[in-house]
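Notes for the structure review
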Amino acid sequence: MLLRLPTSLSEAQECLAEGAVPIGGATLVWALWQRDGFPEQAMSLRDLPEATALEPEALGAAVVLNRVDDRVPEVLRRAAGSVGTGAVRRTATVGGNLVGSTLRCLLPAALVLDAHATVLGTDGAYETDLAEVLAKRHLLLGIRWRTPVSSGYHKEPGDAGGPPPLVVATAVHADGQGRRRLRIAVRDGYEVLSESAPCDGGADQVVEALERTDVGALAPAAREVVRRHIVDGLA
């Protein structure tokens, strides 16, 4: 297998056109390749500047999870720190987790930040929303967002090999008039749902508003975790 390391978007497009398979840390595909055979060419974005950003409002797809630090909002940093083991986080990438993984541990954090994705297509790089990235499995270059007022992340304990643990991510955003709105995303099993509600009236107002959304249809135990997280975060 030939591993190609493009250093520009034009080189990356050329690699794709010639059939190179995009990979990150290969944590999710190595076992499959050993079983089914390796591709002739693979492509890593680790030398591509657009895919290696680590900034207060941007995170590249080729950044490995253990490098995600306090330069990004707390919700995203804690989400990255909760993935797998230390060995996994030293290899797995942001793009692999968001696009290649069925768990998508970073997705709730990205959703509450209202992040937008930059992807590479046949005509070059362009911005789109996360829903399109996940549906069409685009080649992700990175995500961008606006800094929230505050954010938080909670992941329930889980057993290795067991069902995915419940995840609750939140972020408070302010508009131009000083009004605040809380965005929340919940991973329940393999499904992720997201909602938002005004939060200037306090935690009780938010919890009441969310009860009228899909969050209110969660199991009672999950709704209680959500309630506690909102109360603690807005205290």
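Here the structure is a predicted model, which is why all the values come from computation and not from measurement.

Moving on: unusual backbone geometry. Backbone geometry at Asp 114 places phi at a positive 55°, although glycine is not the residue there. Summarising the element assignment, Asp 114 is placed in the loop between α6 (107-112) and β6 (116-121). Residue Asp 114 is classed as partly exposed on the basis of its relative accessible area of 41%. The phi dihedral of Arg 137 falls on the positive side, at around 55°, and the residue is not glycine. Considering the arrangement of structural elements, one finds Arg 137 in the loop between α7 (130-136) and β8 (139-144). Taking relative accessible area as the criterion, Arg 137 reaches 52% and is therefore assigned exposed.

This next bit is on the pattern of salt bridges. Here the structure, examined in full by the defined rule, presents 11 salt bridges. Between Arg 71 and Asp 69 there is a salt bridge, with the nearest N and O atoms lying 2.9 Å from each other. The salt bridge involving Asp 175 is made with Arg 179; its shortest N-O contact spans 2.9 Å. We classify Asp 175 as partly exposed; its relative accessible area is 33%. In the salt-bridge network here, residues are joined through shared partners; they are Arg 4, Glu 14 and Glu 18.

All right, on to the sheet that holds strand β1 (residues 2-4) then. Strand order in the open sheet formed by 3 strands is β1-β3-β2, and the pairing between neighbours is parallel. Two strands close off the open sheet at either side, each with one partner strand: β1 and β2 (21-23). Geometrically, the sheet is characterised by an average inter-axis angle of 35° between neighbouring strands, direction not taken into account. When β1 meets strand β3 (residues 41-44), the two strands line up parallel, connected through 3 bridges. By the bridge assignment, Leu 2 is partnered in β3 with Gln 41. Most of the contacts of helix α1 (residues 9-17) go to β3, to which it runs at about 155°, and overall it touches β1, β2 and β3.

How each quantity is defined
- Residues numbered from 1 in each chain as written.
- Predicted model: local features only at pLDDT ≥ 70, side-chain atom pairs only at ≥ 80, totals over all residues.
- Heavy atoms only, no water.
- Helix = DSSP H or I, 4+ residues; strand = E, 2+ residues; numbered from the N terminus.
- Buried < 20%, exposed > 50% of the residue type's maximum accessible area, 1.4 Å probe, protein only.
- Salt bridge = Lys/Arg side-chain N within 4 Å of Asp/Glu carboxyl O.
- Pairing = 2+ DSSP bridges.
- Axes fitted to C-alpha atoms, helices over the stretch in contact; angles between N-to-C directions.
- Contact = heavy atoms within 4.5 Å.

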